[in-house]
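Residue strings, one per chain:
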Amino acid sequence: MAKPLSGQRVLVTRPAHQSRNQLELLHQQGAEPVALPLLEIVPTTEQDGADFQQCKACILDLDRYCDVIFVSPNAASIGADWIDEYWPQLPLGVRWVGIGQQTCDRLEQLGVNAWHADGGFDSETLLAHPSMQDMTDARILILRAEGGRDLLAETLRSRGARIDYAHIYRRVCPAYPPGLIQSTIYTQPLSAILITSGQALRNLLHLCGQHRATLTNILIIVPSARLAELARSLGFNRIRVAQGPDDRSMVDALLPA
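Residues numbered from 1 in each chain as written. Predicted model: local features only at pLDDT ≥ 70, side-chain atom pairs only at ≥ 80, totals over all residues. Heavy atoms only, no water.

## With respect to the pairing of strand β2 (residues 32-35)
The condition that has to hold: Two strands are said to pair when DSSP picks up at least two bridges between them. Strands here are runs of E lasting at least two residues and helices are runs of H or I lasting at least four, both read from the DSSP assignment and numbered beginning at the N terminus.
Bridge count between strand β1 (residues 9-12) and β2: four bridges; the pairing is parallel. Across the sheet, L11 pairs through a bridge with V34, a residue of β2.

## Examining the environment of V12
Selection criterion: Buried means the residue's accessible area, taken with a 1.4 Å probe over protein chains only, is under 20% of the maximum for its type, while exposed means over 50%, and partly exposed covers the values in between. The contact definition used throughout considers only heavy atoms, calling two residues in contact when any of these lie within 4.5 Å.
Position of V12 relative to the elements: it lies in strand β1. V12 sits in the buried class, given a relative accessible area of 0%. Distance from V12 to L215, taken between C-alpha atoms, is 14 Å for residues 203 residues apart in sequence. Look past the residues within four positions of V12 in its chain and what remains in contact with it is S19, Q22, L23, L26, P33, V34, A35, L36, P37 and L194.

## Structural notes on the packing of aromatic side chains
Inclusion rule: Working definition: rings of Phe, Tyr and Trp (its six-membered ring) pair if their centres are within 6.5 Å, and the pair is stacked with planes under 30 degrees apart, edge-to-face with planes over 60 apart, and tilted otherwise. Our definition puts a charge over a ring when NZ of Lys or CZ of Arg is within 6 Å of the ring centre and also within 35 degrees of the ring normal.
Counted according to the given criterion, the structure contains three aromatic pairs. With a centroid separation of 5.2 Å and 45° between ring planes, the pair formed by F52 and W82 is classed as tilted. You can see F52 sitting in helix α2 (residues 50-60) and its partner W82 sitting in helix α3 (residues 73-86), a full 30 residues away along the chain. Overall, F52 belongs to the buried group, its relative accessible area being 10%. Assessed through its relative accessible area of 8%, W82 is described here as buried. An angle of 25° between the planes, with centres 6.2 Å apart, marks the rings of W82 and Y86 as stacked. One end of the pair, W82, and the other, Y86, are both in helix α3, four residues apart, so they sit about a helical turn from each other. On the basis of relative accessible area, Y86 is assigned to the partly exposed category, the value being 25%. Feature note: the residues F52, W82 and Y86 constitute an aromatic cluster, connected by ring pairs. Sitting over the ring of W115, R95 keeps its end group 4.5 Å from the ring centre. The ring of Y65 carries the charged tip of R139 above its face, separated from the ring centre by 4.7 Å.

By themselves these figures say nothing about function.
Below, the structure written as structure tokens:
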């Protein structure tokens, strides 16, 4: 009996350390998964100078924050390493907040009992929660990548919070030889592309250079209306929004209705 995704060649673009489960789910459904990580996660180190010192200062002051917000599973993993370095025991009185279930799941695996707002997986969902409305004089730390969205911090500041950022990692575009891009994307046609961030989408177009226009008619699966709008603005014509950014939701979006 044929599997529902038999004959489909699907590009998986998650960072290499996060792609295994998605690749396996696609394989189980009969697809040919093709890995091309579009983000490389680079933790902040002492070589990063001022950024490192800022992160260190924030982590040393961890017990002075009422909320510590981890914006992604990567922020959870790298942030937990930072905390382990300077805090043998977690400080009391801090609410550990993950944006989305996946981030909280990662924190739980790392020994941090975290909370997230139900009903979504983005900053907008967290900001809509009743506990995030009156933030007068609340001191909040946001652990994130350099160059992330500012919506969360700007909105919380407008509600009275004092916000600090710790840029604990960078998301950079991997370097690939042109031949690898050719063989991965163009030698055999792709049925679909799975994309979970705007930066990954822009990196894909950058890596494809002058041939980028040929991508726009390939089905692209994204986890949110916001990312769908970005894809549309970049010229993509076939866009489908998954129920969420988790691996199961992204793969299920490929299945026949």
